[in-house]
Each structure stands twice: as structure tokens, then as C-alpha cells.
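Next come the chains, spelled out residue by residue.
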Amino acid sequence: MADDVLFEFLHMEMVYHIYKDQASRGEMDKDRATCVSTLEGMGFRVGQGLIERFTKDSPSFKDDLDVMKFICKDFWINVFRKQIDNLRTNHQGTYVLQDNKFALLTQFSNGKQYLEEAPKYLAYSCGLVRGALSNLGMDCVVTAEVSLMPSCKFQVVIQKI
């Protein structure tokens, strides 16, 4: 319980610090993209490290769907203390992970009041997922979408080589 709150505060402070640092430099157009990229990169590295730790005693995965099930259950539970509420796929490399009460958005209001602020708080989480999948051998693009807070959908598109 207490460690969940600490993680949420740390996440909020990381976002605040990165956006404040970029705003002090002056260029607002480049800032938003740079901040999102910085947060996503931080999440990517952390995701790589976490997945190494979480899979060290796991058997190997037989396909992409097994990997995504692991992400939705074990990885999500270890990071956010709950499972993904819904996993959908088109069986062609696109997966949609839906979390109806995403931990890093619950400190905001329910509804649409702070909807425009939500994307900057999702960049780190997109990086976490992308880093974890990268270390499992899946090159992908991860995007997040919020239509009603605190619900969030992460879209994972696997890049086929």
C-alpha cells in the first residue's frame, strides 16, 4: 500500500521535473515531444530491467500471445498491483490492453476534467511496456489513449521483420 503511493508520487515528480526543466528553456513546441520522448526512454530502460527480473524463473514463451498474456497478468501485477482488465487482439500483431482503473491516473479526477493532461502521465508507462517487450524479443510501438479517466487503453503494434 505505502509503496504504491511512493511510486505514484515518484512518477508525478518525474513528469513535473521533466516538463518544468523543458519549460525553463523556452521552446514550447519542441518541449512536449522532447518531454514525452524523455519519459518514454526512461520507462523503456526500467521496463527492460524489470522484465529480466520477472522472467528469470519463467519458462520460455511459445508465441506473441503468450508474451502478451504474461505482460497483462504477471508484469502488470508486479508493477501496478492489478491485472489488465481486457486484452484484445486481431491476431495480426496488434494488441489492445485496457485498464479500467489505471493506477497512475487515479490521483486525477474521474471523468473528463483533466483529460488533456493525461498523455504526459502515460509516456513512462508506454516505455515500460515497450522496454519489457523489447527484452523479450518483440520490436513494437506502444501508444496510449484515454477517453474517460482513469480508464486507459494501450495499443501495442508488433513490428514484423
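Since the model is a prediction, treat every value here as computed from it, not as a measurement. (Residues numbered from 1 in each chain as written. Predicted model: local features only at pLDDT ≥ 70, side-chain atom pairs only at ≥ 80, totals over all residues. Heavy atoms only, no water.)

1. Remarks on the sheet that holds strand S2 (residues 94-99)
Cut-off, in case you're wondering: Paired strands, in this sense, are two strands between which DSSP finds at least two bridges. Helix and strand assignments come from DSSP, with helices taken as H or I runs of at least 4 residues and strands as E runs of at least 2, each series counted from the N terminus. Axes, fitted as lines to C-alpha atoms, cover a helix only where it is in contact. Angles between the N-to-C directions of the axes lie from 0 to 180 degrees. Whether two residues are in contact is decided by their heavy atoms, any of which lying within 4.5 Å being enough.
An order of S1-S2-S4-S3 is seen for the four strands of this open sheet, with the pairing classed as antiparallel. The strands lining the two open edges of the sheet, one partner per strand, are strand S1 (86-89) and strand S3 (140-145). Within the sheet, the average angular offset between the axes of one strand and its neighbour, ignoring direction, is 15°. Relative to strand S4 (residues 152-158), S2 is paired through six bridges, and the arrangement is antiparallel. When the sheet's bridge partners are listed, Gln98 is paired in S4 with Lys153. Together, S3 and S4 form the strand contacts of helix H4 (residues 123-135), whose direction differs from that of S3 by roughly 155°.

2. A short note on the pairing of S1
The sheet contact formed by S1 and S2 spans four bridges and is antiparallel. Note on S2: the bridge partner recorded for Asn86 is Gln98. Where S1 hands over to S2, the hairpin turn is made up of four residues, of which His91 adopts a positive phi near 60°.

3. Some words on unusual backbone geometry
Residue Met149 is joined to Pro150 through a cis peptide bond whose omega torsion reads 0°. Here Pro150 lies in the loop between S3 and S4.

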